[in-house]
Amino acid sequence: MTGLLQRQGAAIVLVLVVIVAWLSYPKFGTGDNLRDLALQSSFLAVIALGMTFVIITGGIDLSVGSVYALGGVLAAYGSQWGFFVALLLPLVVCGAIGLINGLLVARTGMAPFIVTLASLLFARGLLLAITHEGSTTYKISGNAAFLQIGRGTFLGIGYPVYLALILCALGGVLLRQTRFGQSVFATGGSESSALLMGLPVARTKVMVYTLSGLLAGFSGAMTAAYLQSGVTVIGVGTELDAISVVVIGGTLLVGGAGTVLGTVIGVLLRNVIQNIINQIGTLDSNYQSVVSGTFLLVVVIIQRSLARARPRH
């Protein structure tokens, strides 16, 4: 039983929170609310997927919030030339930002915090330049095929949910069933040992940061399709949300351990908490972040306590 708690602490907390919310708030368990909860979770889940790979290597990516917003603006801007430009433009630009992050971290030995902080500022600056200091909002035509990425549904569930599930499933396989995944864990566990084993540490770092940029850009493109425009003010603080859900899901900030499933659980737990706060309705908006942050801190403390627990013989 203790072993189960060690491995699935966040999942157990999520189940308990959902049960309490289901019993306490009748609207929580409605189909519309659950579909909305899944849809809103999908955008953060895609960003957090890339962050999971980065953190497992012992790194951090502070640029994903700005890259996410930039991806949305680029998708909306590119939509005037059709579906493929709207999709490829954010992927190419945001992937290039991730690639540069990875090259600087891997090849120069610069601290990931500094490199990605600089990229955060660069991406936000580029976004403001494209939108003329935020005064220009690029719209996506109502009959554009690209809108289906964000607004299309199947069996009543939005396409972003399916896309996020597919990407997370592929990410889980990549992390657990491939040599690249083994290199990710080895790099975060002990970089010097990984080098002695002949693993491509530098290439692994470049790839995880590139992946993080690509996924943040794709999430931004999905959001633009959902909102039918490139919103310039989104993404502020999203990097902190991504880091928090990854850590809540059991990935160690020092690297070497983590799962994609844990990250998905972390995303759901965060958004369920936000949903409960909205269900309460009477809580002043100024205190919502305080309550949410406090609750998440308690969850992390509980999880860490479970992880340190040892069975008695």
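Scroll up to find the structure.
With respect to the helices and strands, the residue Ser41 is situated in helix 2 (residues 31-56). Here Leu37 takes part through its backbone oxygen, which lies 2.7 Å from a polar atom of the side chain of Ser41. Ignoring anything within four residues of it in the chain, the contact list for Ser41 reads Val267, Leu268 and Asn271.

Quick look at the environment of Asn143 now. One can find Asn143 in the loop between helix 5 (112-130) and helix 6 (148-151). Judged by its relative accessible area of 70%, Asn143 falls in the exposed class. A polar atom in the side chain of Asn143 sits 2.5 Å from the side chain of Ser141.

Evaluation of the coordinates by the stated rule reveals eight aromatic pairs. Taking 6.2 Å as the distance between ring centres and 15 degrees as the angle between the ring planes, the aromatic pair formed by Phe53 and Phe180 counts as stacked. Pair noted here: Phe53 is in helix 2 and Phe180 is in helix 8 (residues 179-189), with a separation of 127 residues, a long-range link. With a centroid separation of 5.1 Å and 75 degrees between ring planes, the pair formed by Tyr77 and Tyr138 is classed as edge-to-face. Taken together, the positions of Tyr77 in helix 3 (residues 64-78) and Tyr138 in the loop between helix 5 and helix 6 put the pair 61 residues apart, joining distant regions of the chain.

Attention now goes to a nonpolar patch on the surface. A cluster of nonpolar side chains, namely Ile100, Leu104, Met110, Phe113, Ile114, Leu117 and Leu121, defines an oily patch on the protein surface of about 620 Å² accessible area. The set of elements that each furnish at least two residues to the nonpolar patch consists of helix 4 (83-108) and helix 5. At four residues, helix 5 tops the list of elements feeding residues into the nonpolar patch. By the secondary structure assignment, Leu104 is in helix 4.

Conventions and cut-offs
- Residues numbered from 1 in each chain as written.
- Predicted model: local features only at pLDDT ≥ 70, side-chain atom pairs only at ≥ 80, totals over all residues.
- Heavy atoms only, no water.
- Helix = DSSP H or I, 4+ residues; strand = E, 2+ residues; numbered from the N terminus.
- Polar contact = N/O pair within 3.5 Å; in protein donor to acceptor, adjacent residues only side chain to side chain.
- Contact = heavy atoms within 4.5 Å.
- Buried < 20%, exposed > 50% of the residue type's maximum accessible area, 1.4 Å probe, protein only.
- Phe/Tyr/Trp six-rings, centres within 6.5 Å; stacked < 30°, edge-to-face > 60°.
- Patch = residues over 30% accessible without salt bridge, like charges linked within 9 Å, V, L, I, M, F, W, Y side chains within 5 Å.
- Areas by Shrake-Rupley, 256 points an atom, 1.4 Å probe, with all protein chains shown as cover.
- Salt bridge = Lys/Arg side-chain N within 4 Å of Asp/Glu carboxyl O.

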